[in-house]
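Each chain, written out:
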Amino acid sequence: MPRFDTLPTACMVWDVPAPARRGAVLDETRELDKFLAEIERRAFRMAQVSLRDPDDAMDVVQDAMLKLARNYSAKPSAEWRPLFYRILENGIRDLQRRRTVRRKFMVWLPGSKEDPDHEAQDPLDNVADGGPDAPELLMRDQAMVKLEGLLRALPTRQREAFMLRNFEGLDVAETARAMGCSEGSVKTHYSRAVHALREQLGEVW
Amino acid sequence: MNEHIPDAELRVLERRSRELFHESVDGLDMRVRSRLTQARYAALEAAASSRRPWFLGKRVWAPAAGVTAAALLGAALWFGLPAGDRSGMTAADNQPSLEDLDIVASTDESSADAIEMLQNDLDFYDFADKAANPDPAV
C-alpha cells in the first residue's frame, strides 16, 4: 500500500483533482464558457450559410462544442478557436457529403422528388423581431441572402477560407490550422474567393 | 481577369460582407440563442465529466450499485427473511413459515379454508393451554 506525505501527492497518484487544482479547473470551465459564448452565434451563422438548414447548422455547432469540450478543453485556450473551427468545418463537410449520397440514393427511389434543402419552412421563422426600418431591413436581408447564395456556390475550401478570415477574423496561420492546410493554400483560396465574389456582386458593393 | 479589380474595391467588399454577416448574427432570434446556450451548457457538462476521475463517474457506480443490490437481494432470499435468532433452528423449521406465506399470499377459495383451519388450530392450542393450567381464581 503506497504511503503519501501530502494530500496533493496522493491526488496526483490516484488522479483525483486535488483541492489546489479545483480552482484551476473552475477557471478553465469559466474560460471555456466565455469562449463558447463568444463564438457560438457566429459559428451557427457560418454553419447556416454553408448548410442552409438551421437545424443541421445547430446540430454541427452543438457537436463541435461537445467535441472541443470533451477532447481539447485541457489545451491552452489560445488553441481553442482554430480547433473549434476545424471540428466545425469537418462536421459541415461530413453533413454535405451525406446529403450528396442521400440525394443520389433518392433519385433511384420512386416518388422521391423532394429536395431536402427546400423543405417547407415555418412562416414564423421569417417574422422579424423588430429593430431597423422595414425597407432597410429588407435591403440588408436581400443583400445577405444574395451573399449567402454566392458563398454557397463557391468551392468548399474557398468558402471556408473566406468565412474564417473575413467573418471570424482568424489570421492566416490560424485559418491554416482550422482548415488543415498550408498558409499558402489559405492565401490562394481566400484570394480566389474574394475575386469570385467581387465579379458576381459587381461594383454596387 | 482577376487582375483588373483594384485592391480598394476588394477591401470594400470584405468590409461590406463582414458588416452584413455580423448584422445577421445580431439578428438571430431568441429561440436560436436559447438553443445555443443549452448546447454550450451541455458542452461544459461534458468537459466537467471528462475531467472527473474514472472511479467517480456514474458509468462505473451505476452498474456496481446494481450488482451489489442484486447480490444483497440474492443473499437475503437464499438465507431467508426475516433472519432473527437462527440458533438451534434447522432447515425444517423454516418450512412452515413459507407455507404460512403461501396461505396469506394466495387469493383462491382454498386459501380461505386454510386460514380458517389455522384459526381453529390456534383456538385448540388456547383451549389446551387453559386445560393444562387452570386458573385457581375461577
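Since we're looking at a predicted model, the values are computed, not measured. (Residues numbered from 1 in each chain as written. Chains lettered and ligands numbered in written order. Predicted model: local features only at pLDDT ≥ 70, side-chain atom pairs only at ≥ 80, totals over all residues. Heavy atoms only, no water.)

As a further point, take the environment of Ala 153 of chain A. Residues and elements named next belong to chain A. Residue placement: Ala 153 occurs in helix α5 (residues 134–153). The exposure class of Ala 153 is exposed, given its relative accessible area of 63%. Sequence separation between Ala 153 and Leu 197 is 44 residues; the distance between their C-alpha atoms is 9.8 Å. (Helix = DSSP H or I, 4+ residues; strand = E, 2+ residues; numbered from the N terminus. Buried < 20%, exposed > 50% of the residue type's maximum accessible area, 1.4 Å probe, protein only.)

Here we come to the pattern of salt bridges. Two side chains of opposite charge can pair, provided their charged atoms sit close to one another. Under the criterion given, the structure shown has 18 salt bridges over all chains. Arg 45 of chain A is the partner of Glu 148 of chain A in a salt bridge, and the nearest nitrogen-oxygen pair spans 2.6 Å. You can see Glu 148 of chain A sitting in helix α5 and its partner Arg 45 of chain A sitting in helix α2 (residues 19–51), a full 103 residues away along the chain. The pair formed by Glu 148 of chain A and Arg 45 of chain A is uniform in burial state, with each residue classed as buried. The salt bridge partner of Arg 35 of chain B is Asp 55 of chain A, with a shortest N-O separation of 3.2 Å. Placement of Arg 35 of chain B in helix α2 (residues 30–51) and of Asp 55 of chain A in helix α3 (residues 54–72) is noted, with the two residues assigned to different chains. (Salt bridge = Lys/Arg side-chain N within 4 Å of Asp/Glu carboxyl O.)

A few words now on the packing of helix α6 (residues 156–167) of chain A against helix α1 (residues 7–26) of chain B. Between α6 of chain A and α1 of chain B, whose axes approach to 10 Å, the crossing angle comes to 80°. In terms of orientation, α6 of chain A and α1 of chain B fall into the roughly perpendicular class. Of α1 of chain B, the residues touching α6 of chain A (which contributes Phe 162, Asn 166 and Phe 167 of chain A) are Leu 13, Glu 14, Ser 17, Arg 18, Phe 21 and His 22 of chain B. Taken together, the residues of the contact of α6 of chain A with α1 of chain B sort by class into four nonpolar, three polar and two charged. (Axes fitted to C-alpha atoms, helices over the stretch in contact; angles between N-to-C directions. Parallel < 35°, antiparallel > 145°, perpendicular 65-115°, else oblique. Contact = heavy atoms within 4.5 Å. Nonpolar A, V, L, I, M, F, W, Y, C, P; charged D, E, K, R; others polar.)

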